[in-house]
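Coordinates in review
Below are the chains, spelled out letter by letter.
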Amino acid sequence: FFFKEALPGTNGGHSPRHSVTHAHLMKDAVKALGQYREDVVSGAYPAAKHSINIKDEEFARFMEAISHHAPTLPVSSPLHMQRHKKLTVADLMAFKGKRWIVLTTAFDEWTARAAEEAGVDIIVAWGSNLEHSKYVIEAVRRGAPNTLIGSGLPHPAYASIEDALKLAGEIRAAGTDIIYCSG
């Protein structure tokens, strides 16, 4: 018999001596996500063709809404430093004009673990409905306990502010740190 994690090398750690590994997918994923991170931090990605612009007025309102929060990590901390604490929105704001924020999606524990190991700043995760989103977020949180995780409330999942806040509480309880409304 074989171990499903050992055969493709997705376990990221010890393989029993009676198993065989035919690939090193976890190492490859961490390497690829690390290269992506380096491209973002160096400014090689994204280029203008990859960007979506925000209206100045909308950005100013956003900045005002979050201006009361101070960063919890010094901006001067090394980019390659192993984080033992998740970044906050205030930390991300402190990066503005200093470096790009590295964000990726993950929908499973394995990908989230590789993203965290590669030093990704934010992981965005969601599912096809509320229950599936909670399942996905829980898996991503297991894989990336020290990485900021964001998820959204799909419209029309909520009909009022009260509904949105109730659903946001459920998503938050599943393990997300940032919640956005889409639609």
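1. A short note on the overall build of the chain
Scanning the chain from N- to C-terminus turns up six helices and four strands. For the chain, the succession of helices and strands along the chain, N to C, is α-α-α-β-α-β-α-β-α-β. Per-residue burial over the chain gives 35% buried out of 183 residues. Only carbon and sulfur atoms are counted for the fraction: they give 59% of the accessible area of the chain, which is about 11,500 Å².

2. Describing unusual backbone geometry
A cis amide bond, omega 5°, links tyrosine 45 with the succeeding residue proline 46. If you trace the backbone, proline 46 turns up in the loop between α1 (25–42) and α2 (56–66).

3. Notes on the packing of helix α5 (residues 130–143) against helix α6 (residues 161–174)
One can describe the packing of α5 onto α6 by two numbers: an axis separation of 8 Å at closest approach and a directional angle of 25°. Taken together, the axes of α5 and α6 lie roughly parallel to each other. Crossing geometry of α5 relative to α6 is assigned as right-handed. Contacts between α5 and α6 involve Leu130, Glu131, Ser133, Lys134, Ile137 and Glu138 from the first element and Leu167, Glu170, Ile171 and Ala174 from the second. Of the residues contributing to the contact of α5 with α6, the split by class is five nonpolar, one polar and four charged.

4. Here we look at the pairing of strand β3 (residues 148–154)
Taken across its seven residues, β3 has six buried, putting it largely inside the fold. With α5 bridging strand β2 (residues 122–124) and the parallel β3, this β-α-β connection has right-handed handedness. Sheet topology places β3 next to strand β4 (residues 178–182); five bridges connect them, and they run parallel. By the bridge assignment, serine 151 is partnered in β4 with isoleucine 179.

5. Some words on the sheet that holds β3
Overall, parallel pairing links the four strands, which are arranged β1-β2-β3-β4 in an open sheet. The outermost strands of the open sheet, each flanked by one partner alone, are β1 (103–105) and β4. Neighbour-to-neighbour, the strand axes of the sheet open up by a mean angle of 30°, direction not taken into account. Strand direction decides the pairing type here: β2 and β3, joined by three bridges, are parallel. The residue bridging isoleucine 123 from the neighbouring strand is isoleucine 149, located in β3.

6. Re the nonpolar core
Ala112, Ala114, Ile123, Val140 and Leu153 are the most contacted members of the largest nonpolar core, which totals 27 residues. Counting only elements with at least two residues in this core, the list comes to α1, α4 (109–118), α5, β3 and α6. Top element by residues in this core is α1. It accounts for six residues. Here leucine 153 is in contact with Tyr158, Ala164, Leu167, Ala168, Ile171, Ile179, Tyr180, Cys181 and Ser182, once residues within four sequence places are set aside. Counting residues in each nonpolar core, the second largest holds six residues, with Leu87, Leu92, Ile122 and Leu148 among its members.

Thresholds applied
Residues numbered from 1 in each chain as written. Predicted model: local features only at pLDDT ≥ 70, side-chain atom pairs only at ≥ 80, totals over all residues. Heavy atoms only, no water. Helix = DSSP H or I, 4+ residues; strand = E, 2+ residues; numbered from the N terminus. Buried < 20%, exposed > 50% of the residue type's maximum accessible area, 1.4 Å probe, protein only. Areas by Shrake-Rupley, 256 points an atom, 1.4 Å probe, with all protein chains shown as cover. Axes fitted to C-alpha atoms, helices over the stretch in contact; angles between N-to-C directions. Parallel < 35°, antiparallel > 145°, perpendicular 65-115°, else oblique. Left-handed = near helix turned anticlockwise from the far one by under 90°. Contact = heavy atoms within 4.5 Å. Nonpolar A, V, L, I, M, F, W, Y, C, P; charged D, E, K, R; others polar. Right-handed = clockwise from strand over helix to strand, strands pointing away. Pairing = 2+ DSSP bridges. Core = buried A, V, L, I, M, F, W, Y, C linked by side-chain atoms within 4.5 Å.

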